[in-house]
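Below, each chain spelled out in residue letters.
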Amino acid sequence: PLFLPFLLGLALALAAEPMTRFFRDRLRLPRSISTGISVSMAFGLLFLTVLLAAAFVLRELKALAGVLPDLEQTARSGMGMMEDWLRKVTSRAPRSLRPLLDRNVTELFSGGSQVLDGARKWLLGLAGTVLTHVPDSALSLGTAVISGFMISAKLPRLRLWLARCFPREK
């Protein structure tokens, strides 16, 4: 977790490097300005891609929300059929086990389907867990963008330092 934002920043800097070289070589801009423009453009492109993916997901969720009432009714009818089948199975059980099995089947399918309620609670718990990670993710993303700018500005020097530390022969 500590190095992930910096690795993302390195990936952002490497993705912006061709644009940085273009601005520096062709337009004769200083490295710092070229870095600022190219990393901003790369992050903007990445942000637009994520935004388009989120818009697609929201559109699909809207379609799913329209289908959910029918899906719930289908699930409830399936649960009713399963309850009937289980009652038939328990009716063939030995007399000493029937009351226990009948009680368990009744408890399983009572109160508007405990299985569906359990699934609903699990989904709400999952959503809560995802939402608790949003602040940490935002902080990591901010660190990744800032490190992307800084790494991109010093990338030629970092490459020279790495070449000295790790010669090609090794």
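Residues numbered from 1 in each chain as written. Predicted model: local features only at pLDDT ≥ 70, side-chain atom pairs only at ≥ 80, totals over all residues. Heavy atoms only, no water.

Moving on, we get to helix 5 (residues 134–153). At 3.6 residues per turn, the α-helix brings residues three or four places apart onto the same side. Taking 1.5 Å per residue as the helical rise, helix 5 with its 20 residues ought to reach 28 Å, and the 29 Å between its terminal C-alpha atoms agrees with that figure. As for helix 5, its buried residues are in contact with helix 1 (4–25), helix 2 (31–91) and helix 6 (155–165). (Helix = DSSP H or I, 4+ residues; strand = E, 2+ residues; numbered from the N terminus. Expected span 1.5 Å × (residues − 1). Contact = heavy atoms within 4.5 Å.)

Of all residues in the protein, 96% attain a pLDDT of 70 or more, and the chain-wide mean is 84. Taken element by element, the predicted model of the protein shows its lowest mean pLDDT in helix 4 (residues 114–132) (75) and its highest in helix 1 (91). (pLDDT = per-residue confidence, 0-100.)

Our next topic: unusual backbone geometry. Of note in this structure, R28 is not a glycine but carries a positive phi near 55°. Inspection of the secondary structure assignment puts R28 in the loop between helix 1 and helix 2.

Below, the discussion takes up the packing of helix 1 against helix 5. Helix 5 packs onto helix 1 with a crossing angle of 45° between their chain directions and a minimal axis gap of 7 Å. Overall, the two elements helix 1 and helix 5 adopt an arrangement that is oblique. In the packing of helix 1 onto helix 5, the handedness of the crossing is right-handed. Along its contact with helix 1, which presents P5, F6, L8, G9, L10, L12, A13, E17 and T20, the element helix 5 presents S140, T143, A144, V145, S147, G148, I151 and S152. Partitioned by chemical class, the residues of the contact of helix 1 with helix 5 number nine nonpolar, seven polar and one charged. (Axes fitted to C-alpha atoms, helices over the stretch in contact; angles between N-to-C directions. Parallel < 35°, antiparallel > 145°, perpendicular 65-115°, else oblique. Left-handed = near helix turned anticlockwise from the far one by under 90°. Nonpolar A, V, L, I, M, F, W, Y, C, P; charged D, E, K, R; others polar.)

Attention shifts here to the environment of M150. The residue M150 is located in helix 5 in this model. C-alpha of M150 to C-alpha of G36: the two residues are 114 residues apart in sequence and 9.3 Å apart in space.

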